[in-house]
Amino acid sequence: MQLIGLLVGLIYRSLFHRGEEGVRRSPCILKLLLLLLSVLLYKAFYLRPYVPLTLFIIFGALGLGLMWTYSSFILSSIPAAWYGITAYLYWIFEGQKGALIENAIMIYLRATYISFIALLFLAIISPIQVSRILHRLGFRKGSLFPLLLWRITPAGISNMMSSLVLGTLKGENSWRRLGPALASMIEEGQNVWKINYYRLESEPLIPLEYSYSLKYSMLTITFLLVEFFLLILSY
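## Some thoughts on the layout of surface pockets
In step 1: Here the largest pocket is characterised by a volume of approximately 190 Å³.
In step 2: Among the elements of the structure, helix H2 (28–44) and helix H6 (127–136) are those that each provide at least two residues to the lining of the largest pocket.
In step 3: Taken together, the residues of the lining of the largest pocket break down into 8 nonpolar, 2 polar and 1 charged.

## Let's talk about empty space enclosed by the protein
In step 1: Taken as a whole and judged by the stated rule, the model has 1 cavity of 30 Å³ or more.
In step 2: A volume near 40 Å³ is recorded for the largest cavity.
In step 3: Lining the largest cavity we find Arg13, Ser14, Leu15, Phe16, His17, Arg18, Arg24, Leu64, Trp68 and Ala123.
In step 4: Looking at which element gives the most residues to the lining of the largest cavity, the answer is helix H1 (residues 2–15), with 3 residues.
In step 5: Its residues assigned to classes, the lining of the largest cavity comprises 5 nonpolar, 2 polar and 3 charged.

## So, the packing of aromatic side chains
In this description, an aromatic ring pair is defined by two values, namely the gap between the centres and the angle between the planes.
In step 1: Inspection of every chain in the model, using the stated rule, returns 7 aromatic pairs.
In step 2: Residues Tyr42 and Tyr113 carry aromatic rings whose centres are separated by 6.0 Å and whose planes lie at 5 degrees to one another, so their mutual orientation is stacked. Placement of Tyr42 in helix H2 and of Tyr113 in helix H5 (residues 101–123) is noted, with a sequence separation of 71 residues between them.
In step 3: Given the relative accessible area of 3%, Tyr113 is considered buried.
In step 4: An aromatic cluster of at least three residues, connected via ring pairs, comprises Tyr42, Tyr46, Phe56, Phe59, Tyr113 and Phe223.
In step 5: Note that Arg110 overlies the ring of Tyr46, its terminal NZ or CZ placed 4.0 Å from the centroid.

## What about the nonpolar core?
In step 1: Core analysis: the largest hydrophobic core is formed by 27 residues, its most contacted members being Val23, Leu41, Phe56, Phe59, Leu64 and Leu120.
In step 2: Elements with a minimum of two residues in this core: H2, helix H3 (50–64), H5 and helix H10 (214–234).
In step 3: Here this core takes 8 residues from H5, the largest share from any one element.
In step 4: In contact with Phe56, other than residues within four places in its own chain, are Leu34, Ser38, Leu41, Tyr113, Phe116, Ile117, Leu120 and Glu227.
In step 5: Within the second largest apolar cluster, 9 residues are counted, among which are Leu10, Leu15, Ile157 and Met160.

## Focus on the packing of H3 against H10
In step 1: Packing of H3 against H10 brings their axes to within 11 Å, and their N-to-C directions diverge by 175 degrees. Put simply, H3 runs roughly antiparallel to H10. Here Val51, Leu55, Phe56, Ile58, Phe59, Leu62 and Gly63 of H3 lie close against H10, whose contacting residues are Tyr216, Leu219, Thr220, Phe223, Val226, Glu227 and Leu230.
In step 2: Taken together, the residues of the contact of H3 with H10 sort by class into 11 nonpolar, 2 polar and 1 charged.

## Looking at helix H4 (residues 66–93)
In step 1: With 28 residues, H4 should cover 40 Å at 1.5 Å per step; its first-to-last C-alpha distance of 40 Å lies within 8% of that length.
In step 2: Along its length, H4 reaches its greatest deviation from straightness, about 30 degrees, at Ile78, and the proline Pro79 lies no more than four positions downstream.
In step 3: Where H4 is concerned, the buried positions are Trp68, Thr69, Ser71, Ser72, Leu75, Ser76, Ser77, Ala80, Gly84, Ala87 and Trp91.

Calculation notes
- Residues numbered from 1 in each chain as written.
- Predicted model: local features only at pLDDT ≥ 70, side-chain atom pairs only at ≥ 80, totals over all residues.
- Heavy atoms only, no water.
- 1 Å grid on protein atoms, 1.4 Å probe; cavity = no way out; pocket = protein on both sides within 12 Å on 5 of 7 lines; lining within 4 Å.
- Points joined across faces, edges and corners; volume = space filled by probe spheres on them.
- Helix = DSSP H or I, 4+ residues; strand = E, 2+ residues; numbered from the N terminus.
- Nonpolar A, V, L, I, M, F, W, Y, C, P; charged D, E, K, R; others polar.
- Phe/Tyr/Trp six-rings, centres within 6.5 Å; stacked < 30°, edge-to-face > 60°.
- Buried < 20%, exposed > 50% of the residue type's maximum accessible area, 1.4 Å probe, protein only.
- Lys NZ or Arg CZ within 6 Å of the ring centre and 35° of its normal.
- Core = buried A, V, L, I, M, F, W, Y, C linked by side-chain atoms within 4.5 Å.
- Contact = heavy atoms within 4.5 Å.
- Axes fitted to C-alpha atoms, helices over the stretch in contact; angles between N-to-C directions.
- Parallel < 35°, antiparallel > 145°, perpendicular 65-115°, else oblique.
- Expected span 1.5 Å × (residues − 1).
- Bend = angle between axes of the 7 residues up to and from the residue.

Following this line, the structure appears as structure tokens:
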């Protein structure tokens with residue numbers, strides 16, 4: 001139960017701990033460029049994955065806060081550690097002489113980088129920006145769903161965590177409590193839909209207003225320049 005609650009808490013803090021603030025308020029084009037350069041950095045520093053990983057850890061700390069960075073790094077490290085350990089054990093059982101601990105560490109760092117980047121870009125997606133884009137593309141009714149999803153999911157996860165804690169206090173088995181916890185998330189979504197049925201069935205006439213942050217836009221541009229400089233140095 002404690003392990004499940006820990007994982008749920010890490011997911012909540014990694015994706016929904018921050019609201020419409022930080023680098024989430026930077027323009028979409030800058031985020032897309034950041035994602036593109038992060039892929040190029042992975043290829044350029046394949047043998048030195050700690051370089052881009054360190055860069056994005058710093059970016060996450062400055063752009064989303066230390067709590068987000070800590071939670072996302074721990075969450076990213078869980079599958080990465082599994083990949084590294086299993087690869088190392090496989091090499092040993094196969095009798096390969098190249099089964100070095102350094103190779104397993106490199107696998108861990110590469111997997112951590114990929115997972116961390118994925119969490120970073122999920123965290124900086126702005127539901128309001130997505131809604132504005134959909135509205136301008138002509139999907140007026142569909143522009144409401146990103147806003148609804150980003151409101152329902154955190155509340156559902158919060159209810160799920162409360163249900164897990166309640167099961168712990170009652171001494172119930174963790175897997176038996178997981179079903180009611182998931183049911184509470186579904187019920188939360190159904191309640192929100194029922195309450196806002198008429199609003200969701202209508203089309204917004206104009207997109208939502210939005211103000212970008214100059215501070216975090218400049219922070220994103222700065223890291224884009226650093227990424228570009230690192231790419232030049234790698235060749």
